[in-house]
Amino acid sequence: MLLLLLLLFKGLPCHGASTVAPLLLGFRHPASEEPLSFRFVQISSFANHSCAHIQASGWLGDVQTHVLDSVSGTIRFLRPWSQGTFSKQELKNLEALLLLYLHSFNKEVQAFASQFQFEYPFELQVLSGCQMHAGKASESFLNGAYQGSDFLSFQGNSWKPSPGAGSRAQNVCRVLNHYRIIKEIVQSLLSDICPRFLAGLLEAGKSELEQQDGNSIFLMLICLTIIVTLVLLVVVDSWFRKQSSNQNILSLHVPNPAFSTRVNIQDPKNSGHQLCLAQEFWIKNRFLKNWKTSLKQLW
Ligand SMILES: *[C@@H]1O[C@H](CO)[C@@H](O)[C@H](O)[C@H]1NC(C)=O
């Protein structure tokens, strides 16, 4: 019965919730301690010595704001406010730097693959960005993974191998630490440019995000009303079934009325909780699907 309810709920026109939910989950946390973050995600896949793919995207919390268009070799701004408050010139410089980096990254990795003992096929991931706590202090991070495992990170002003990443990571960090200019650029990107860009995104996106916040409350109310109505229907329905099963032998064919009665009447709190969990699960699934679709668009 609960399953049926969920199936019904899935078909109801609450689609807005699936696009708004990530905004709520990942972006606006004025009261909670959840920090606001801007993250740059890079995934480089190396099939062999001559073939490599790169995917890159920018995220404000869980909201995707930027994507690398690998066909045109440019960065696409996915939201009207994705440019933040940076000037055209600043953005142009930043984009040029990023594209140069992405282009060089694959080439350099291919060139150093055997020295670094990277074994084809392999995948490298970079997660970098910055986050704000209570709108003030910021914290930056850059982590690299090899084949899905922690490999190295940028700490302070140098590259550090991850614990357990072995001599391969130590070797890579030793080489990377020789490039002082690169370290300075990374440091300035992480500790200066990223926090400023994040603050600008928050400022530029404020009105849209607030609006999507006022819509989501409305949608949540609609969904809540529907859920309450459905739960009531189920309760009433199973009550009637129970009544009729007392009088009518035929109703023994009704699938498990005792179960639905127990869940829905005797423990309404629990069933409500399960419903919320299932709904949350579904919303997350929807978001994951959207995310996968947008990742696929990169290919
Ligand atoms: C490299 O990998 C790509 C994609 O898997 C494949 O099409 C290509 O033939 C491979 N090239 C070599 C030299 O192995």
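Owing to the predicted nature of the structure, the values given are computational and were not obtained by experimental measurement. (Residues numbered from 1 in each chain as written. Predicted model: local features only at pLDDT ≥ 70, side-chain atom pairs only at ≥ 80, totals over all residues. Heavy atoms only, no water.)

**As for helix 3 (residues 88–112)**
At step 1: Between its first and last C-alpha atoms helix 3 spans 35 Å; for 25 residues at 1.5 Å apiece the expected length is 36 Å, and the two agree.
At step 2: Buried within helix 3 are the following residues: Leu-91, Leu-102, Phe-105, Asn-106, Val-109 and Gln-110. (Helix = DSSP H or I, 4+ residues; strand = E, 2+ residues; numbered from the N terminus. Expected span 1.5 Å × (residues − 1). Buried < 20%, exposed > 50% of the residue type's maximum accessible area, 1.4 Å probe, protein only.)

**Focus: the nonpolar core**
At step 1: Val-109, Phe-118, Phe-122, Leu-124, Leu-142, Phe-151 and Trp-159 are the most contacted members of the largest nonpolar core, which has 22 residues in total.
At step 2: Among the secondary structure elements, those contributing two or more residues to this core are helix 3, strand 5 (122–132), strand 6 (138–146), strand 7 (149–155), helix 4 (166–176) and helix 5 (180–247).
At step 3: At four residues, helix 4 tops the list of elements feeding residues into this core.
At step 4: Sequence-distant contacts of Phe-118, defined by excluding residues within four places in its chain, comprise Val-109, Ala-113, Leu-124, Tyr-146, Phe-151, Arg-168 and Val-172. (Core = buried A, V, L, I, M, F, W, Y, C linked by side-chain atoms within 4.5 Å. Contact = heavy atoms within 4.5 Å.)

**Remarks on the pairing of strand 5**
At step 1: In terms of burial, strand 5 is largely enclosed, as eight of its 11 residues are buried.
At step 2: Looking at chain direction, strand 1 (residues 36–48) and strand 5 are connected through 11 bridges and run antiparallel. Bridging from a neighbouring strand, Val-41 pairs with Leu-127 of strand 5.
At step 3: As defined by bridge partners, strand 5 adjoins strand 6 across nine bridges and the pair is classed as antiparallel. By the bridge assignment for strand 6, Gln-131 is matched with Glu-139. (Pairing = 2+ DSSP bridges.)

**Observations concerning the packing of aromatic side chains**
At step 1: Applying the stated criterion across every chain yields a total of 13 aromatic pairs.
At step 2: Measuring from centroid to centroid gives 5.2 Å for Tyr-120 and Phe-122, while their planes differ by 40°, and the two rings are tilted.
At step 3: Plain terms: the ring middles of Phe-122 and Tyr-146 are 5.9 Å apart, the flat faces sit at 45° to each other, and that makes the pair tilted. Here Phe-122 is found in strand 5, whereas its partner Tyr-146 is found in strand 6, with 24 residues between them in sequence. In terms of burial, Phe-122 and Tyr-146 fall into one category: buried.
At step 4: Each residue in the set Phe-46, Phe-112, Phe-116, Phe-118, Tyr-120, Phe-122, Tyr-146 and Phe-151 is aromatic and connected to the rest through ring pairs, giving one cluster. (Phe/Tyr/Trp six-rings, centres within 6.5 Å; stacked < 30°, edge-to-face > 60°.)

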